[in-house]
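# Summary of the model geometry
Here's the letter readout for the chains.
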Number of protein chains: 2
Amino acid sequence: MGGNSNVADVASLLCEPSRANMLQSLLDGRFHTATELAVIAGITPQTASYHLSLMLELKVVTVKKNGRHRYYQLADGQIAQVLESLLCIAPSEKINSLKKFNQNQAIRFARTCYDHLAGKLGVHLTETMVKMGILHPSGADFALTEEGKIFLTNFGIDVLRAQKKRRSFARCCLDWSERRYHLAGSLGHALLEKLFALSWIEQLPESRAVKVTETGAEGFKNVFAIQ
Amino acid sequence: MGGNSNVADVASLLCEPSRANMLQSLLDGRFHTATELAVIAGITPQTASYHLSLMLELKVVTVKKNGRHRYYQLADGQIAQVLESLLCIAPSEKINSLKKFNQNQAIRFARTCYDHLAGKLGVHLTETMVKMGILHPSGADFALTEEGKIFLTNFGIDVLRAQKKRRSFARCCLDWSERRYHLAGSLGHALLEKLFALSWIEQLPESRAVKVTETGAEGFKNVFAIQ
DNA sequence: CAAATATTTCGGCTATCATCGAAATATGAA
DNA sequence: TTCATATTTCGATGATAGCCGAAATATTTG
């Protein structure tokens, strides 16, 4: 008896370098136009259109039209999870320029993993919340403690709203660069949104890396004792 | 800036149904001959040979020759990890026969995940060991407690030898069927070997499902309070 | 209204991959 | 030594996927 043949279908989404590139770019959680994605993947808009249609059909991405622009983003976090998993095993790309080195460092330090914070900062923040008694590990998830609920509500997160969502609440996501877990799920999403709203972090242009602002450095230090 | 283009290379290993099927079969941790794998994948031995050569070259499988037979197995657990991850997201195959239903149940109940125990039993055993204070979760791994070291040594596992191995010691592996973690790493491997040695479990013919023996049912009940 | 821009569609091309029949090679059994 | 089995190699074939130029369509701008 063989295996689940749908595995090959999922893998085929990612085995084509152009598609893999575009999907990894979409891990930044932003909308991207078709033309932008074409440039990122190094293909013509016609070829990009071909791939995007395929991914739309397979419900991997969603699209919003705004005038003549088509804005694409990841449909949900499932493909992000597979991407992180493949990134765990794929050899790192060779770094042969200072620019690539800096980009690699930035991505490793802090990035969005579709809709939550990943990288060194994401993992560090998660582990700090465990130490502070906000979260505690529970199987493939984190459990939010009572104290944690109070803490995060005071921090400005609508915990109840996050809990009500149908998706997983506080899932562990294996970070490909740190090889440890960061917080995902609707709570991870809410936390990321709050960090942006507070301007503690901001997105870098054309990258899924995020940068900690001066405000953020103060905030992480004062609220989470992270520096 | 795009992503890591090596992701597509890894995914391309699994996007071809024949290869994906063979690799999933190898998750049972056994050796399989080239002809067996051809049958499993529903292709001719020539085609199987073509794919196996490719996977040998990419160091995904290893081969041992014994007379005219060629015995293949997974090189290490990395591709197993990607497979489990893809199985988390891939739609389940439709079950349209009683035989398939039984096979699916067996796989879900207990199976080898290349070199450690997975499925409901694998997860349950892992969670029980956490409750018993043998293991405790620690990031992407489990930490073995002092009591746990004593317990497992008394159970007949050479814990020190497992610790000395260069691979990860007690890694969390996300179980695609339970969506929770089971124990992987060299400790997970040693535990699986012990369960086989005690004849608490045995492999089913032509499947990566494993069956609990009567001896095993007693053993799990008496030693781990699992029933 | 014309020009510019973004995107899609169409048709065709090319490269590559998976397949297998036939044959060759390697090993074991009678 | 011959025959049988397992596996690999070779060469050919067909399918398909990704690509893009040209053109069409949709929307915005001047």
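Keep in mind that this is a model prediction, so the values were computed, not measured.

### Brief notes about the nonpolar core
Among the nonpolar cores identified, the biggest contains 71 residues, and L14, L23 and L74 of chain A together with L14, L23 and L74 of chain B are the most heavily contacted of them. Other than its neighbours up to four places away in sequence, L74 of chain B contacts L23, L26, L27, V60, V61, T62, I79, A80 and Y114 of chain B. In this structure, A170, C172 and L192 of chain A together with I201 of chain B belong to the second largest nonpolar core, which totals 62 residues.

### Observations regarding the sheet that holds strand 3 (residues 69-74) of chain A
Each strand in a sheet pairs with its neighbour through backbone hydrogen bonds, running either in the same direction (parallel) or in the opposite one (antiparallel). Residues and elements named next belong to chain A. One open sheet accounts for 3 strands, arranged 1-3-2; its pairing is antiparallel. Strands with a single pairing partner mark the edges of an open sheet, and in this sheet they are strand 1 (32-33) and strand 2 (61-66). The pairing of strand 2 with strand 3 spans 6 bridges and is antiparallel. By the bridge assignment for strand 3, V61 is matched with L74.

### Focus on the protein's contact with DNA strand D
Around DNA strand D, the surrounding shell holds 21 residues, and the nearest of these are S18, T47, Y50 and H51 of chain A together with T35 of chain B. Within 4 Å of the protein, the contacting atoms of DNA strand D are 75% sugar and phosphate, with bases supplying the remainder. Within the side chain of T47 of chain A, a nitrogen or oxygen atom sits 2.9 Å from a phosphate oxygen of DNA strand D. At 4 residues, the largest contribution of residues to the surface near DNA strand D is made by helix 4 (residues 45-57) of chain A. Classifying every residue of the surface near DNA strand D by side-chain character gives 5 nonpolar, 11 polar and 5 charged.

### Some thoughts on the pattern of salt bridges
All names here are of chain A. Taken as a whole and judged by the stated rule, the model has 13 salt bridges over all chains. Taking the shortest distance from any N to any O, the salt bridge between D115 and R167 comes out at 2.7 Å. Taken together, the residues span a long stretch of sequence, with D115 in the loop between strand 4 (111-112) and strand 5 (117-118) and R167 in the loop between helix 9 (159-164) and strand 8 (172-174) at a distance of 52 residues. According to the relative accessible area criterion, D115 is buried, its value standing at 7%. By relative accessible area, which is 38% here, R167 ends up partly exposed.

### Quick word on helix 10 (residues 185-197) of chain A
Residue and element names in this part refer to chain A. In this model, helix 10 (13 residues) spans 18 Å end to end at C-alpha, consistent with the 18 Å of a helix rising 1.5 Å per residue. Of all the residues in helix 10, the buried ones are G185, S186, L187, G188, A190, L191, L192 and L195. After helix 10 finishes, the residue S199 shows a positive phi value of roughly 60°.

### What about the interface of chain B and chain A?
Opposite the 44 residues of chain B that make contact, chain A presents 43 residues. Here chain B packs against chain A, burying approximately 3,900 Å² in sum over the two surfaces, 63% of which is carbon and sulfur. Remark: the boundary between chain B and chain A carries 0 salt bridges. At the boundary of chain B and chain A, one finds 2 residue pairs in polar contact (both at pLDDT 80 or more). Elements supplying a minimum of two residues to the side of chain B that touches chain A: helix 1 (6-14), helix 2 (17-25), helix 5 (78-89), helix 6 (98-109) and strand 8 (172-174) of chain B. Ranked by residues supplied to the side of chain B that touches chain A, first place goes to helix 5 of chain B with 9 residues. Tallied by class, residues from the side of chain B that touches chain A come to 24 nonpolar, 15 polar and 5 charged.

### Some remarks on the protein's contact with DNA strand C
If you check the shell around DNA strand C, you find 21 residues, and the closest are T35 of chain A together with Q46, T47, Y50 and H51 of chain B. Near the protein, meaning within 4 Å, the atoms of DNA strand C are sugar or phosphate in a fraction of 75%, with bases accounting for the rest. R19 of chain B places a side-chain nitrogen or oxygen 3.1 Å from a phosphate oxygen of DNA strand C. A distance of 3.3 Å is found between a sugar or linking oxygen of DNA strand C and a side-chain nitrogen or oxygen belonging to R68 of chain B. Elements with a minimum of two residues in the surface near DNA strand C: helix 3 (34-41), helix 4 and strand 3 of chain A together with helix 2 and helix 4 (45-57) of chain B. The dominant element in the surface near DNA strand C, judged by the number of residues it contributes, is helix 4 of chain B, at 4 residues.

### Details of the domain arrangement of chain A
All names here are of chain A. When the domains of chain A are assigned, the result is domain 1 (6-75) and domain 2 (95-224). Once you take the C-alpha centre of each, domain 1 and domain 2 turn out to be 25 Å apart. Facing the 8 residues of domain 1 at the interface are 9 residues of domain 2. Considering only the surface of domain 1 that becomes buried against domain 2, L27, D28 and R30 emerge as the three largest contributors, covering 66% of it. Put simply, domain 1 and domain 2 have 0 salt bridges between them. Where domain 1 meets domain 2, there are 8 residue pairs in polar contact (both at pLDDT 80 or more). Among the residues forming the side of domain 1 that touches domain 2, the class breakdown is 4 nonpolar, 2 polar and 2 charged.

Cut-offs applied
Residues numbered from 1 in each chain as written. Chains lettered and ligands numbered in written order. Predicted model: local features only at pLDDT ≥ 70, side-chain atom pairs only at ≥ 80, totals over all residues. Heavy atoms only, no water. Core = buried A, V, L, I, M, F, W, Y, C linked by side-chain atoms within 4.5 Å. Buried < 20%, exposed > 50% of the residue type's maximum accessible area, 1.4 Å probe, protein only. Contact = heavy atoms within 4.5 Å. Pairing = 2+ DSSP bridges. Helix = DSSP H or I, 4+ residues; strand = E, 2+ residues; numbered from the N terminus. Near = heavy atom within 4 Å. Polar contact = N/O pair within 3.5 Å; in protein donor to acceptor, adjacent residues only side chain to side chain. Nonpolar A, V, L, I, M, F, W, Y, C, P; charged D, E, K, R; others polar. Salt bridge = Lys/Arg side-chain N within 4 Å of Asp/Glu carboxyl O. Expected span 1.5 Å × (residues − 1). Buried area = accessible area lost by both parts, 1.4 Å probe. Domains from an automatic or database assignment.

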